[in-house]
Amino acid sequence: MKVVQSFALAALSLAVLAGCNKAPEQKNASEASVSQEINMAGVTAPVANKIPFAMEIHGDTRTDNYYWMRDDERKDPAVIAHLNAENTYTDAMLAHTKTLQATLFEELKGRIQKDDDSVPTKSGDFYYSSQTRGENEYPTYVRSSDAKGTDQKVILDVNELAKDHDYYSATGLSVSPNGNLLAYGEDTVSRRIYTILVKDLNTGKLLEDKLEGTDGDIVWANDNKTFYYIKKDLQTLLGYQVYRHTLGTPQAQDELVYEETNTSYYTGLGKSKDKQEIYIWHGSTSASGVSVIDANDAKSKPTRLIEREENLEYDIAKHGDTYYIVTNLNAVNFQLMTVHKDKAHDKANWRTLIPARDDIKLEGIDLFADHLVYKEREMGQSRLTIRNLTSGDEQQLSFNDSSYMIHAYGNNELDSQSLRVYYASMTTPGSTYDIDLNSTAKTLLKQQQVMGDFDADNYASERLFITARDGVKVPVSLVYRKDKFKKDGTNPLLQYAYGSYGATMDPSFSSGRLSLLDRGFVFAIAHIRGSQMLGRPWYEDGKLLNKKNTFNDFVDVTKGLVTQQYGNEEQIFAMGGSAGGLLMGAVANQAPELYQGMVAAVPFVDVVTTMLDASLPLTTNEYGEWGNPNDKVYYDYMLSYSPYDQVSKQAYPNMLVTTGLHDSQVQYFEPAKWVAKLRDFKTDDNKLLFKIDMEAGHGGASGRFKSLEDTALNYAFMLDLAGIKK
């Protein structure tokens, strides 16, 4: 089921002011060394040198004392020395938690089923699944000719591919229509720039084809020798060119079939469920569209379904000669329309099948030979409905939890009589069901096994609404351990949120979270404006010139939870990452007194500087989210909340800031500069710790166990502050 809005869930990378002064000479950056002293009293935090760097626009001059920390090559000795000093300081300040970190790591790892298989998914003539075994960090991908796996064969062992790399990611696995070839992308740096390789599944050998600088995904044409892929701009990291590759020919001879000239659009690839059409998806923050390629003609040129329009979003699914279109055309919360494929170019021919509703958002559809499945959201809760395409009869799926997440996946075959879904709640581990499309009978195929003494009955979840300062009611999802929670204002509480790009964080299960709940923590997700928890207007009210609603909602939810005695006012913690890290920075400036501690992961905190440089990754794509600060109205508004610019002389919470040196989304120097400025301005003695993974990027460490070390560090930081030592 494909969601209409294409969201950049990762926040922006740092950019510099367009047209401003050039960066300081290299010798100055090298002189910007780190002041660090170690004495009998302990370790002193690294203090970064100040080298004023002026940036002027709209008659306003900002001075950035830490601009020198930006090193695009990530090789400057002074910068590396500073980052290493920060790691040394953080390690020293958290040395007393090493035992707790180790305990947490073993807990987290101990709950994970070491030998685990995914539920096989049918595609073409085969059933595909993944396996993890023992201490292996990565999956092994297998296939068989039946769902029981009686003749199972390995098609890709990622552990073998990753063994010589500190970081490894395999993505976009795609098997040719005849089942003989496997294309996949690999990244060994964590910059999300992939090399596409092709493996012969009969011989097990790689073909000579090797395509560099891509986004890692491909779509096969039906001739089994041609595929399409997207090439990235290596400066901005935007995927903007679609190429057609013929096996056995060098990449230099690949044909450019489409180039995106509007840098506010992302580009993606897909294929119709009946395999007859290949799609180039176009998506900006406020508009979307599609171009169509004949999958049976290796020389076909892409044709726009309709000309793109600002603020018009739509997504198509093909069923015979009919397109089913999920669109916001005359529909704030989207509607479902249909049209004959040959008449789709004129919107006047589109006909409404499921009309728009003010209080229900249509989120996506899945088509089968005889059925339509559609997903919608009402009052924050998503649900699935099955419609018989012949009779029009509908059946809505029901589940026991009062609040949950559900999505369809792996439904690759039009003639299937069952719907595959993934289901979870904050107390129910992730579960895979097949649902009969005629009777809606559910067959549980697998539920995530939580090792150890986990018992779902020990935990309880709640859903409530807290009134924000402007009278709007903000949804909140809560979970806690029953025998540890008294609702008397004594429990430590961790509040999490994201709140950007319309991304909705549904209440779901986390085995790792149990380490906090079992120690008495309450965990809360604040579904603040900027998401689509309450429909598209909820998103619109938390972006552009309404962005401060996102931060205000988070603060007001905290106050409400304390008032209702869900958390101890002296032990409230906050966590967010990427654009959620921007949230942490803004909240820390606005209401630092509310939080004992904060964890800001890969935080996007230098908003204005980033959004003024179109040459760095993702900036131009995000104008529809944050605004273009070349326009003074947006500049002034963004400047008024930018966490880096708004750091002031005040007390701040204890803070743990994390990043990856190779982050392609939020560049490492954003949090590096922010931490340096916070150290200079803050008036308290609270901890300010900065942890940099010198090998990882935006998603952190690769591997299913290695990444748990980061979680253990975050949890130990908060538990230690809460006085929980084991």
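Values in this document were obtained by computation on a predicted structure and should not be read as measured data.

This brings us to the nonpolar core. In this structure, Leu83, Phe554, Leu561, Tyr595, Trp626 and Trp674 are the most contacted members of the largest nonpolar core, which totals 80 residues. In terms of residues, this core owes the most to one element, helix α8 (residues 579-590), which gives 7 residues. By size, the runner-up hydrophobic cluster in this structure holds 36 residues, among which are Leu104, Tyr459, Phe523 and Ile724.

Taken in spatial order, the 4 strands make up an open sheet running β23-β24-β25-β26, and their pairing is antiparallel. One side of each edge strand has no neighbouring strand; the edge strands of this open sheet are β23 (314-319) and β26 (351-354). Each strand of the sheet is rotated relative to its neighbour by a mean of 30 degrees, with strand direction disregarded. Where strand β24 (residues 322-327) lies against strand β25 (residues 335-340), 6 bridges are found, and the strand directions are antiparallel.

Evaluation of the coordinates by the stated rule reveals 43 salt bridges. Across the pair Lys691 and Asp91 runs a salt bridge, and its minimum N-O distance is 2.9 Å. Residue Lys691 is located in strand β42 (residues 688-693), and its partner Asp91 is located in helix α2 (residues 77-93); the two are separated by 600 residues in the primary sequence. When its relative accessible area of 25% is taken as the criterion, Lys691 is described as partly exposed. With a closest N to O distance of 2.7 Å, Lys725 and Asp720 form a salt bridge. Each of the salt bridges in this network shares a partner with another, and the network as a whole consists of Glu313, Arg536, Glu540 and Lys543.

Our next topic: the sheet that holds strand β22 (residues 303-304). Here we have 4 strands laid out as an open sheet, ordered β19-β20-β21-β22, and antiparallel in their pairing. Strand pairing shows two members of the sheet lacking a second neighbour, β19 (266-271) and β22, which therefore form its edges. Where strand β20 (residues 277-283) meets strand β21 (residues 288-294), 7 bridges bridge the pair, whose relative direction is antiparallel. Along β21, the bridge assignment pairs Tyr279 with Val292.

Our focus in this paragraph is the packing of helix α3 (residues 98-110) against helix α13 (residues 708-721). The contact between α3 and α13 brings their axes to 8 Å, and the two run at 130 degrees. Comparing their axes, α13 and α3 come out oblique. Crossing angle aside, the handedness with which α3 passes α13 is right-handed. Across the interface between the two elements, Leu100, Gln101, Leu104, Phe105, Leu108 and Lys109 from α3 touch Leu708, Glu709, Thr711, Ala712, Leu713, Tyr715, Ala716 and Leu719 from α13.

Here we come to the packing of aromatic side chains. All chains considered together, the criterion is met by 24 aromatic pairs. When the ring of Tyr423 is compared with that of Tyr433, the centres are 6.4 Å apart and the planes differ by 80 degrees; the resulting orientation is edge-to-face. Here Tyr433 lies in strand β33 (residues 431-436) and Tyr423 lies in strand β32 (residues 418-424), a separation of 10 residues in the sequence. Looking at Tyr433, the relative accessible area reads 15%, which means it is buried. Site record: aromatic cluster; members linked through ring pairs are Trp220, Phe227, Tyr229 and Tyr243. Its guanidinium or amino end placed over the ring of Tyr644, Lys677 lies 4.8 Å from that ring's centre, counting from NZ or CZ.

Note that Gln251 resides in the loop between β17 (239-246) and β18 (255-259). If we skip the residues at most four places from it in the chain, Gln251 touches Lys210, Leu211, Glu212, Tyr229 and Lys231.

Looking now at the environment of Ala468. Along the chain, Ala468 falls in the loop between β35 (459-467) and β36 (473-481). You can call Ala468 buried: its relative accessible area is 5%. Each C-alpha atom of the pair Ala468 and Ile528 lies 9.8 Å from the other, and the pair is 60 residues apart in sequence. Leave out the neighbours within four places in its chain, and Ala468 touches Val474, Arg529, Asp553 and Asp556.

Calculation rules
Residues numbered from 1 in each chain as written. Predicted model: local features only at pLDDT ≥ 70, side-chain atom pairs only at ≥ 80, totals over all residues. Heavy atoms only, no water. Core = buried A, V, L, I, M, F, W, Y, C linked by side-chain atoms within 4.5 Å. Buried < 20%, exposed > 50% of the residue type's maximum accessible area, 1.4 Å probe, protein only. Helix = DSSP H or I, 4+ residues; strand = E, 2+ residues; numbered from the N terminus. Pairing = 2+ DSSP bridges. Axes fitted to C-alpha atoms, helices over the stretch in contact; angles between N-to-C directions. Salt bridge = Lys/Arg side-chain N within 4 Å of Asp/Glu carboxyl O. Parallel < 35°, antiparallel > 145°, perpendicular 65-115°, else oblique. Left-handed = near helix turned anticlockwise from the far one by under 90°. Contact = heavy atoms within 4.5 Å. Phe/Tyr/Trp six-rings, centres within 6.5 Å; stacked < 30°, edge-to-face > 60°. Lys NZ or Arg CZ within 6 Å of the ring centre and 35° of its normal.

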